[in-house]
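Reading the structure
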Amino acid sequence: MELSDIRHLVTEQTLAFLSLPEHRLLIDNEWVAARSGETFETINPATEKIVGKIAFADAFDVDAAVQAARRALDDGPWSRMRPAERQRLMLKLADLIEANAQTLAELESIDCGKSVGLARAVDMALVIEFFRYMAGWATKIEGTVTETSVPFAPGQQFMTYIRREPVGVVAAVVPWNFPLLVAAWKLGPALAAGCTVVLKPAEQTPLTALFLGRLVVEAGFPPGVVNIVTGDGPRTGAPLVQHTGINKVSFTGSTEVGKRIGHASVDNMTRFTLELGGKSPVIVLDDCDPTAAAQGAANAIFFNQGQVCCAGSRLYVHKKQFDNVVAEVARIADGMRLGSGLDAQAQVNPLVSKEQMRRVSDYIQTGLNQGAKRIAGGQALPDKGFYVRPTVLVDTANDHRVVREEIFGPVLVAMPYDDLDEVAARANDTPYGLGASIWSNDLSRVHKLIPKIKAGTVWVNSHSMLDATMPFGGYKQSGIGRDMGRSALDAYLETKSVWIAL
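Residues numbered from 1 in each chain as written. Predicted model: local features only at pLDDT ≥ 70, side-chain atom pairs only at ≥ 80, totals over all residues. Heavy atoms only, no water.

1. As for the overall build of the protein chain
How we decide: Secondary structure elements are taken from DSSP: a helix is a run of H or I of four residues or more, a strand is a run of E of two residues or more, and numbering for both begins at the N terminus. All radius of gyration figures rest on C-alpha atoms, and the globule criterion is 2.2 Å times the number of residues raised to 0.38. Note on classification: 1.4 Å probe, protein chains only; a residue is buried when its accessible area is under 20% of the maximum for its type, exposed when over 50%, partly exposed between these limits. Should any heavy atoms of two residues lie within 4.5 Å, those residues are considered in contact.
Helix and strand counts for the protein chain come out as 17 helices and 22 strands. Its C-alpha atoms give the protein chain a radius of gyration of 24 Å, within 12% of the compact-globule value 23 Å for 502 residues. Along the first, second and third principal axes, the C-alpha set of the protein chain runs to 75 × 65 × 35 Å. Expressed as a percentage of its 502 residues, the buried residues of the protein chain come to 57%. Of the contacts formed within the protein chain by residues at least 6 apart in sequence, a portion of 73% connects residues at least 24 apart.

2. A short note on a nonpolar patch on the surface
Heads up, the condition is: Residues qualify for a patch when their relative accessible area is over 30% and they have no salt bridge, like charges being joined within 9 Å and the nonpolar side chains of Val, Leu, Ile, Met, Phe, Trp and Tyr within 5 Å. A 1.4 Å probe and the Shrake-Rupley method give the accessible areas. Residues count as covered only by the protein chains that appear here. We count a salt bridge whenever a side-chain nitrogen from Lys or Arg sits within 4 Å of a carboxyl oxygen from Asp or Glu.
On the surface, a nonpolar cluster with roughly 380 Å² of combined accessible area is contributed by V145, M159, I500 and L502. Relative to the helices and strands, M159 resides in strand β6 (residues 158-166).

3. Some points on the UniProt feature "domain: Aldehyde dehydrogenase" (unreviewed entry) in the protein chain
Just so we agree on the cut-off: UniProt positions are given in the numbering used here, feature names are shortened, and annotations may be inferred rather than shown by experiment.
UniProt's entry tags residues 31-498 with the feature "domain: Aldehyde dehydrogenase" (unreviewed entry), counted in the numbering of this structure. Taken as a whole, residues 31-498 contains 41% helix and 20% strand, while its terminal C-alpha atoms sit 41 Å from one another.

4. Section: helix α9 (residues 233-241)
Rule in force here: Between N or O atoms, a polar contact is any pair within 3.5 Å; within protein, one atom must be a potential hydrogen donor and the other a potential acceptor, and residues adjacent in sequence are included only when both atoms are from side chains.
Three or more residues of α9 are buried, namely T236, G237, P239, L240 and V241. Buried residues in α9 make contact with α2 (59-74), β7 (169-173), β8 (196-200), β10 (248-252) and α10 (255-268). At the N-terminal boundary of α9, the capping side chain belongs to D232, with an oxygen 2.9 Å from the backbone nitrogen of R235.

5. Quick look at helix α13 (residues 354-369)
Note the cut-off: By this rule the span expected of a helix is its residue count minus one, scaled by 1.5 Å.
In this model, α13 (16 residues) spans 22 Å end to end at C-alpha, consistent with the 22 Å of a helix rising 1.5 Å per residue. Of all the residues in α13, the buried ones are Q356, M357, V360, Y363, I364, T366 and G367. Each element contacted by the buried residues of α13 is listed here: β14 (373-376), β15 (391-394), α14 (401-404) and β16 (411-417). A positive phi of about 115° marks G371, the residue just after α13.

6. Regarding the packing of aromatic side chains
The cut-off we apply is this: Only rings of Phe, Tyr and Trp enter the pairing, Trp through its six-membered ring, and a pair is recorded when the two centres are within 6.5 Å. The plane angle decides the type: under 30 degrees is stacked, over 60 is edge-to-face, the rest tilted. Lysine and arginine charges are scored as sitting over a ring when NZ or CZ, respectively, is within 6 Å of the ring centre and within 35 degrees of the ring normal.
A complete count under the given rule lists eight aromatic pairs for this structure. In this arrangement the basic side chain of R235 is found over the ring face of F56, its NZ or CZ atom lying 4.4 Å from the centre. Sitting over the ring of Y492, K248 keeps its end group 4.8 Å from the ring centre.

7. Considering the UniProt feature "active site" (unreviewed entry) in the protein chain
According to UniProt, the feature "active site" (unreviewed entry) maps to E275 in the numbering used here. Residue position: E275 is located in strand β11 (residues 271-275). Here E275 falls in the buried class, since its relative accessible area comes to 3%. Beyond its immediate stretch of four places on either side in the chain, E275 contacts W185, F251, T252, G253, C309, L434, F472, G473, S478 and D483.

8. A look at the side chain of Q321
Along the chain, the position of Q321 falls in the loop between β13 (314-318) and α12 (322-334). On the basis of relative accessible area, Q321 is assigned to the buried category, the value being 13%. In this structure Q321 touches D286, C288 and P290, once residues within four positions along its chain are discounted.

9. A few points about the packing of α2 against α9
Condition: Here, axes are lines fitted to C-alpha atoms. For helices the fit covers the stretch in contact, and angles between N-to-C directions go from 0 to 180 degrees. When describing relative orientation, an angle under 35 degrees is termed roughly parallel and one over 145 degrees roughly antiparallel, while 65 to 115 degrees is termed roughly perpendicular and anything else oblique. Crossings are sorted by hand: turned counterclockwise from the far helix by less than a right angle, the near helix makes the crossing left-handed, and turned clockwise it makes it right-handed. Each residue is assigned to one class: nonpolar for Ala, Val, Leu, Ile, Met, Phe, Trp, Tyr, Cys and Pro, charged for Asp, Glu, Lys and Arg, and polar for all the others, Gly among them.
Running from N to C, α2 and α9 point in directions that differ by 40°, and their axes come no closer than 8 Å. Judged on the interaxial angle alone, α9 and α2 are oblique. In this structure, α2 crosses over α9, and the sense of that crossing is right-handed. Two secondary-structure elements touch here, α2 through A59, V62 and V66 and α9 through R235, T236, P239 and L240. Of the residues belonging to the contact of α2 with α9, the class tally is five nonpolar, one polar and one charged.

10. What to know about the sheet that holds β14
Keep this limit in mind: Paired strands, as defined in this entry, are two strands with at least two bridges between them according to DSSP.
Strand order in the open sheet formed by seven strands is β14-β15-β16-β13-β12-β18-β19, and the pairing between neighbours is mixed. Taken across any chain shown, the strands that pair with only one partner, and hence form the sheet edges, are β14 and β19 (457-460). If you compare each strand with its neighbour and ignore which way they point, the axes differ by 25° on average. In this structure, β13 lies alongside β16, joined through five bridges in parallel fashion. Within β16, the residue paired with R314 across the bridge is V413. Taken strand by strand, helix α15 (residues 420-428) contacts β12 (281-284), β13 and β16, and its axis lies near 150° from that of β16.

Right, dumping it as structure tokens:
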């Protein structure tokens, strides 16, 4: 691996992991090569250098992983394990993640480009808290005893109750923008419910999932409970979600791919939850301080280089404040320093891949071609790395592609509005409904506006805040179901009604 340029910036443990000649698949608690012997490369987006060779799983490997998960579910010690024992294993895994958080943050930064400081403070902190939160639910899954009154069986008595049981073998397919965090969102409720899992990380960012696999084995999870297969969508992901041995698919990613997964799941009547794309509005009311609103809007779109499903990519500012707020956002954007995620001074890091860099750049050019004006983001870029400068576009219309489509990069479109009814209608004029934020100190107007916004989460004077207790998911084409919170657990449980004639 080409590690000389990062050797002095990361821990010895990170270097040792990256120096492995091949990162293999985790199946039945064994690290195995793909049957085909094929590998693919993972690239550091800041240097464009290879940092790992990864086993390329095909349908044969996927089947082996699903079969291992099935054995663990039906016949292994996991199926007989008491809830308190599952809880202890999950808590031990959380402790191991905490002990290795710096290495995991460094691997996340090297693999997907993000700031190692933010990965440590945000991603890893949330992962640890979420596993601990979900571990608590393992001992709190309850059924219900009911009193029945069967009209066509007078005089007959029944003992009736409702059981909650694990849904079965789960296919967890996660994206590249928050690789370990979203993996935790899938694994946490699945393990708490007593399910087994086949995890497929994005091909762009497999490293932290594979390191997590080491910690799963070290924590003492029985063979087959957590399996990890690496590869791309067509050759690895598709055989996984289409496998008849899968009982539930949990997917986070693009709406386009999510629709295909939904269709494949329905063909097998596989349960599924989908957390998909977004085009989230940031709404600034006329009473808000322009400087505070601008900083909030900048954070909402430029955090993680805009590679956030709920990024605040559409800025609506009351016309009285529009010029001041947008000018300040542009100033912030142009003042942000570009650099590697391992550079503590850098405020903007590379996008995950050359493909993503080109995609975002093409959207900016399309916006300019349709009449938008760029007021930030025109400066030169570094020679190496997949960078796009934070960009602010004005003079856009609702039918412009940059307004309607998810760009998934540091690109903000800013538009003025006149009144609350107008801005609510424009905020909802999108196929998506994942998140939204409102910036105001007038709580009366805020509370009137919140019910009008068609989104799974509405933040007030903040954006992209997350907590293990709060469900996360979207309306409309932003998905089906919720991650996090108590409601996430329900998606990994089946309901069984039991009748006993007395």
